[in-house]
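Residue-level structural notes
The lines below spell out each chain.
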Amino acid sequence: MQAAALKHTLHTVNEAACWVSGVAFERGVPREYELRKHTYAELKERGLGAQAAQHVIKKVRDAYTSLHANLRAGNLGKPGSKRRLKAASKPIAFRPQAAQPYDDRCLSWQYDAQTVSIWTVAGRLKGVRFACSPNALKQLIAHRKGESDLVERDGVFYLIATCEVPEAEQQEPERFIGVDLGIANIATTSTGYQAAGRGLNRHRRRQLELRRKLQKKATKSAKRLLKKRNRREKRHAANQNHIIAKTIVTEAERTGHGISLEQLRGIRDRVRLRKPQRVALHSWAFAQLADFIVYKARRAGVAVVFVDPAYTSQRATRSRTVRSGEAMAKT
């Protein structure tokens, strides 16, 4: 009952968002207030509440703001390119399961009972239970602020809450731990820590071969297994990146050092590889690992700087060799 109401709500609001996107595209993407004048009455007639209608309009306007920012930054290709023309020549579309924002007027949390009261097109649902870890619940109680997003993934509904966690006071480091990122070794630090990429690369190759076999078979059961394995590799890689980032930040916090990361932005535009090597390069989640290190370091009060990646591997190797020699001399 609750799942059906939430599913119908997401489909309704995202269908309405597609209609609002078409209106915005036809009118040259006006400002949010002007777009509201052309669409708000129709959204109300579609069964959306006042706050839900406002959020749909704002979601559409924010999507076009992001699109135009990507176009200006050249993230969708050069002017005249096929990819750029495809993105700019039609209205933005929203998936039926796409996230819908909720504020405190249409979503309330009962932390003690671990339930929420949430607006749907079928009316208000009360006593909807949510599950999370004890640590996540503590953080939710202490730091939740602003909107939460309702999203459906593989038939399961998630509430993604926004938490504003205060940053620790940043200490001025005397030295920095250099972090060299790679494919054979995901991360290598100047202090000797090495996160080997052999296991993750083996996992990715296995997942790739399984996908190829299932896609080639193309039966109903094969398609069902493909759907079941969806995002499994991504989750595994994210978990490994969390472990590596936590290890590096913990060491920097313990020793009072800062962290020096390579600035690898735009590496896929600079590097040209043969076709068999492209899968490895484009599966390399170095940006995600850097983001994890940055936010964990900010929470721990550890300074992070980005440096030119040229020759960082050689410098890290020399630093590890010197440290190894010092340890042998002391022994």
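Please read all numbers here as calculations on a predicted model, not as lab measurements.

Definitions and cut-offs
Residues numbered from 1 in each chain as written. Predicted model: local features only at pLDDT ≥ 70, side-chain atom pairs only at ≥ 80, totals over all residues. Heavy atoms only, no water. Phe/Tyr/Trp six-rings, centres within 6.5 Å; stacked < 30°, edge-to-face > 60°. Buried < 20%, exposed > 50% of the residue type's maximum accessible area, 1.4 Å probe, protein only. 1 Å grid on protein atoms, 1.4 Å probe; cavity = no way out; pocket = protein on both sides within 12 Å on 5 of 7 lines; lining within 4 Å. Points joined across faces, edges and corners; volume = space filled by probe spheres on them. Helix = DSSP H or I, 4+ residues; strand = E, 2+ residues; numbered from the N terminus. Nonpolar A, V, L, I, M, F, W, Y, C, P; charged D, E, K, R; others polar. Polar contact = N/O pair within 3.5 Å; in protein donor to acceptor, adjacent residues only side chain to side chain. Contact = heavy atoms within 4.5 Å. pLDDT = per-residue confidence, 0-100. Expected span 1.5 Å × (residues − 1). Bend = angle between axes of the 7 residues up to and from the residue. Pairing = 2+ DSSP bridges. Axes fitted to C-alpha atoms, helices over the stretch in contact; angles between N-to-C directions. Parallel < 35°, antiparallel > 145°, perpendicular 65-115°, else oblique. Left-handed = near helix turned anticlockwise from the far one by under 90°.

Let's shift gears to the packing of aromatic side chains. Taken as a whole and assessed by the stated rule, the structure comprises three aromatic pairs. Pairing Trp109 with Tyr111 gives two aromatic rings, centres 6.3 Å apart and planes at 15°, and the pair type is stacked. On the basis of relative accessible area, Trp109 is assigned to the buried category, the value being 13%. With a centroid separation of 5.3 Å and an interplanar angle of 80°, the aromatic rings of Trp109 and Phe130 are classed as edge-to-face.

Moving on, we get to the layout of surface pockets. Size it by volume and the largest pocket reaches roughly 560 Å³. Along its surface, the largest pocket is lined by 21 residues, and Phe130, Ala131, Tyr158, Leu159 and Ile160 are the ones closest to its centre. Elements supplying a minimum of two residues to the lining of the largest pocket: α1 (2-26), β3 (115-120), β4 (123-129), α5 (134-143) and β6 (156-163). Of all the elements, β6 adds the most residues to the lining of the largest pocket, at six residues. The residue inventory of the lining of the largest pocket, partitioned by class, reads 18 nonpolar, two polar and one charged.

Turning to the side chain of Thr120, a few remarks are in order. Take Thr120: it is sitting in strand β3. For Thr120, a relative accessible area of 1% puts it in the buried group. A polar contact of 2.4 Å, which involves the side chain of Thr120, links it to the backbone oxygen of Gly123. Setting aside chain neighbours within four positions, we find Thr120 in contact with Ala5, Leu6, Thr9 and Leu125.

For the protein, per-residue confidence averages 86 on the pLDDT scale, and 88% of positions sit at 70 or higher. When the criterion is pLDDT under 50, residues 324-331 qualifies, and its contacts beyond four places in sequence or with other chains add up to zero contacts.

A word on the environment of Arg31. Along the chain, the position of Arg31 falls in the loop between α1 and α2 (32-45). Separated by 27 residues in sequence, Arg31 and Lys58 have C-alpha atoms that sit 9.9 Å apart.

The subject of this paragraph is α2. One full turn of an α-helix is made of 3.6 residues, so residues set three or four places apart face in the same direction. Taking 1.5 Å as the rise per residue, α2 with 14 residues should run 20 Å; its terminal C-alpha atoms sit 19 Å apart, in good agreement. Taking the largest bend as the criterion, α2 deviates by roughly 45°, centred on Thr39. Listed in full, the buried residues belonging to α2 are Leu35, Thr39 and Leu43. In the core, the buried residues of α2 are packed alongside α1 and α3 (50-73). Looking one or two residues beyond α2, the residue adopting positive phi is Gly47, at roughly 100°.

Across three bridges, the pairing between strand β7 (residues 176-181) and strand β10 (residues 258-262) is parallel. Following the sheet pairing, Gly178 is matched in β10 by Ser260. As paired elements, β7 and strand β8 (residues 185-189) share three bridges and run antiparallel to each other. By the bridge assignment, Leu181 is partnered in β8 with Ala187.

Our next topic: the packing of α2 against α3. Relative orientation and spacing of two packed helices are given, respectively, by the angle between their axes and the distance between those axes. Viewed as axis vectors pointing N to C, α2 and α3 meet at an angle of 135°, and their least axial separation amounts to 10 Å. Classified by the interaxial angle, the pair formed by α2 and α3 is oblique. In the packing of α2 onto α3, the handedness of the crossing is right-handed. Seen from α2, the contacting residues are Glu32, Leu35, Arg36, Thr39, Tyr40, Leu43 and Lys44; seen from α3, they are Ala50, Ala53, Gln54, Val56, Ile57, Lys58 and Arg61.

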